[in-house]
Amino acid sequence: MAKPFVQLKGVQKTYDGETLVVRDLNLEIQEGEFLTMLGPSGSGKTTTLMMLAGFETATQGEIFLDGKPINQLAPEDRNIGMVFQSYALFPHMTVAENVAFPLQVRGISKSVIGDRVKRALDMVGLKGFDERRPAQLSGGQQQRVAVARAMVFEPKLVLMDEPLSALDKQLREQMQYEIKQLHHRLGVTVVYVTHDQGEALTMSDRVAVFNNGVIQQLDTPERLYEQPANVFVASFIGENNKLYGKVVDHDNGTCLVKLEGGSTLKSKSVSAGSAGSPVMLSLRPERVVINPPPGTCDVMVQARVTDVTYLGDHLRVRMVAFGDQLIVVKVPNASQERVVGADNDVQIGWRVDDCHALDVMA
Ligand code: ADP
């Protein structure tokens, strides 16, 4: 692997001298990468971002940018662009003055500034908005100004803290796409904070999933969803059917699990412990097939449909199996298959590879 562009080494942070809100964090980010820190509120994402920016100091550990230690460097000397949830624009300045600000503080000459500001506004689709004030712009437009201001001095690293969470869903999705495009075009390294898993999966090259100040898994969006490393990641990302039981036996990457209801199930062992250990089986709703054609599934189970909900692009079918275990199945609407209604008995099936056994204690 190439030399990391950003490196956090053994970083810890406590605000009160007692509780570690970031614990022994080791993270390497490559140049040009879009890395997202994802996790529930209070998991230490913003604190980590603020230590990178220089607004918070690490209690322990070292932070490197482009190979140089930056722990002692003031924020303004780190040459890092920042975009905040609240936009943080200067209300008394025009759009052009806001975007020009980082160039002025860097002592860039006036003639160059005008040109760079124009290009930056053009880049975020705000050509001709130079003379407006922030209050005369929509939320989305204000955030575009904030992005232009963060990029105008061509920093090699841009940090974004929940930049889209104040916007409505449609605009948020549009801006996700635009920021991703900008990242791609400029080749800048982006470290992005969000608690929205959809946003993280859509935008990132890699995602660091935080919980309790610890990175639970650092991986590509696809691997996070397909191969969650532990119960927390499996539960936090995407939807799961969760079945609890105990390991009976292991065999060549699979394990046999005795469910609480008494049935035994063969599953893929991701982190299942030795015989007798408690495990959670995670089974995505879209991987369960109703009345599967013969030979397509490894596991077949009898189930009773309790409820079918029409959701436009898919149907959500709730059923019970293994006694009183709830199983949710997502059926794509495109399949045109008639889904049987409530109170019918069906066969459901899945592949062993799609049912992941995760150690509950890990
Ligand atoms: P996240 O961004 O994942 O929501 P934060 O990094 O903001 O998490 O917070 C992590 C923990 O640190 C939380 O328990 C929060 O209350 C605490 N915390 C954050 N900032 C401060 C601060 N300035 N002073 C004291 N505690 C703080």
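Just so it is clear, the model here is predicted, and its values are computed rather than measured. (Residues numbered from 1 in each chain as written. Predicted model: local features only at pLDDT ≥ 70, side-chain atom pairs only at ≥ 80, totals over all residues. Heavy atoms only, no water.)

Topic: the site of the ligand
Part 1 of the argument: The environment of the ligand is formed by Tyr15, Val21, Pro40, Ser41, Gly42, Ser43, Gly44, Lys45, Thr46 and Thr47.
Part 2 of the argument: Of all the elements, helix H1 (residues 45-53) adds the most residues to the shell around the ligand, at 3 residues.
Part 3 of the argument: In terms of residue class, the shell around the ligand is built from 3 nonpolar, 6 polar and 1 charged. (Near = heavy atom within 4 Å. Helix = DSSP H or I, 4+ residues; strand = E, 2+ residues; numbered from the N terminus. Nonpolar A, V, L, I, M, F, W, Y, C, P; charged D, E, K, R; others polar.)

So, unusual backbone geometry
Part 1 of the argument: Although it is not a glycine, asparagine 79 adopts a positive phi angle of roughly 60 degrees.
Part 2 of the argument: With respect to the helices, strands and loops of the structure, asparagine 79 is situated in the loop between strand E5 (68-69) and strand E6 (80-84).
Part 3 of the argument: Look at asparagine 79 and you get partly exposed, because its relative accessible area is 35%.
Part 4 of the argument: Look at phenylalanine 322: it is not a glycine, yet its phi comes out positive at around 45 degrees.
Part 5 of the argument: Tracing the backbone through its elements, the reader meets phenylalanine 322 in the loop between strand E17 (314-321) and strand E18 (325-332).
Part 6 of the argument: A relative accessible area of 15% means that phenylalanine 322 is categorised as buried. (Buried < 20%, exposed > 50% of the residue type's maximum accessible area, 1.4 Å probe, protein only.)

Focus on the sheet that holds E18
Hydrogen bonds between backbone groups are what pair the strands of a sheet, and the pairing can be parallel or antiparallel.
Part 1 of the argument: In spatial order, the strands read E15-E19-E16-E17-E18; together these 5 strands make up an open sheet with antiparallel pairing. Edge positions in the open sheet fall to strand E15 (289-290) and E18, since each of these has one partner strand only.
Part 2 of the argument: Sheet topology note: the strand E16 (residues 299-310)/strand E19 (residues 345-350) ladder contains 6 bridges and is antiparallel. Residue pairing for E19: methionine 300 is matched across the bridge by glycine 349. (Pairing = 2+ DSSP bridges.)

Quick word on the pattern of salt bridges
Part 1 of the argument: If you walk through the whole model with that rule in mind, you get 13 salt bridges.
Part 2 of the argument: Between glutamate 31 and lysine 156 there is a salt bridge, with its nearest N and O atoms 3.6 Å apart. Placement of the pair is glutamate 31 in the loop between strand E2 (20-29) and strand E3 (34-38) and lysine 156 in the loop between helix H4 (139-151) and strand E7 (157-161), with a sequence separation of 125 residues.
Part 3 of the argument: A residue is classified by how much of its surface remains accessible, and lysine 156, at 43% relative accessible area, is partly exposed.
Part 4 of the argument: Across the pair glutamate 239 and arginine 316 runs a salt bridge whose closest N-O atoms are separated by 2.6 Å. On the criterion of sequence distance, the pair formed by glutamate 239 in the loop between helix H8 (231-236) and strand E11 (241-251) and arginine 316 in strand E17 is long-range, its members being 77 residues apart.
Part 5 of the argument: Relative accessible area serves as the criterion here: at 29%, glutamate 239 is assigned to the partly exposed category.
Part 6 of the argument: You can call arginine 316 partly exposed: its relative accessible area is 22%.
Part 7 of the argument: Salt bridges sharing common partners tie together Glu226, Arg287, Arg351 and Asp354. (Salt bridge = Lys/Arg side-chain N within 4 Å of Asp/Glu carboxyl O.)

Details of the nonpolar core
Part 1 of the argument: Ranked by internal contacts, the top residues of the largest apolar core, which has 36 residues, are Val99, Val117, Leu121, Val145, Met151, Met160 and Tyr192.
Part 2 of the argument: Elements supplying a minimum of two residues to this core: helix H2 (95-105), helix H3 (110-123), H4, E7, helix H5 (169-186) and strand E8 (189-194).
Part 3 of the argument: The leading source of residues in this core is H4, at 6 residues.
Part 4 of the argument: Among all residues touching tyrosine 192, those that are not within four sequence positions of it are Phe34, Leu35, Thr36, Met37, Met160, Pro163, Leu164, Glu199 and Met203. (Core = buried A, V, L, I, M, F, W, Y, C linked by side-chain atoms within 4.5 Å. Contact = heavy atoms within 4.5 Å.)

Description of the side chain of threonine 94
Part 1 of the argument: Within the element layout of this structure, threonine 94 appears in the loop between E6 and H2.
Part 2 of the argument: By relative accessible area, which is 5% here, threonine 94 ends up buried.
Part 3 of the argument: When neighbours within four sequence positions are excluded, threonine 94 is seen to be in contact with Asp130, Glu131, Arg132 and Arg133.

Points about the domain arrangement of the chain
Put simply, an interface is often sized by how much accessible area is lost when its parts join up.
Part 1 of the argument: On domain assignment, one finds that the chain holds domain 1 (6-231) and domain 2 (239-359).
Part 2 of the argument: Contacts between the two partners involve 8 residues from domain 1 and, on the opposite side, 10 residues from domain 2.
Part 3 of the argument: Counting the surface lost from both domain 1 and domain 2, the interface buries some 760 Å², and carbon and sulfur atoms represent 44% of this.
Part 4 of the argument: With its nearest N and O atoms 3.0 Å apart, the salt bridge here joins arginine 287 to glutamate 226. (Domains from an automatic or database assignment. Buried area = accessible area lost by both parts, 1.4 Å probe.)

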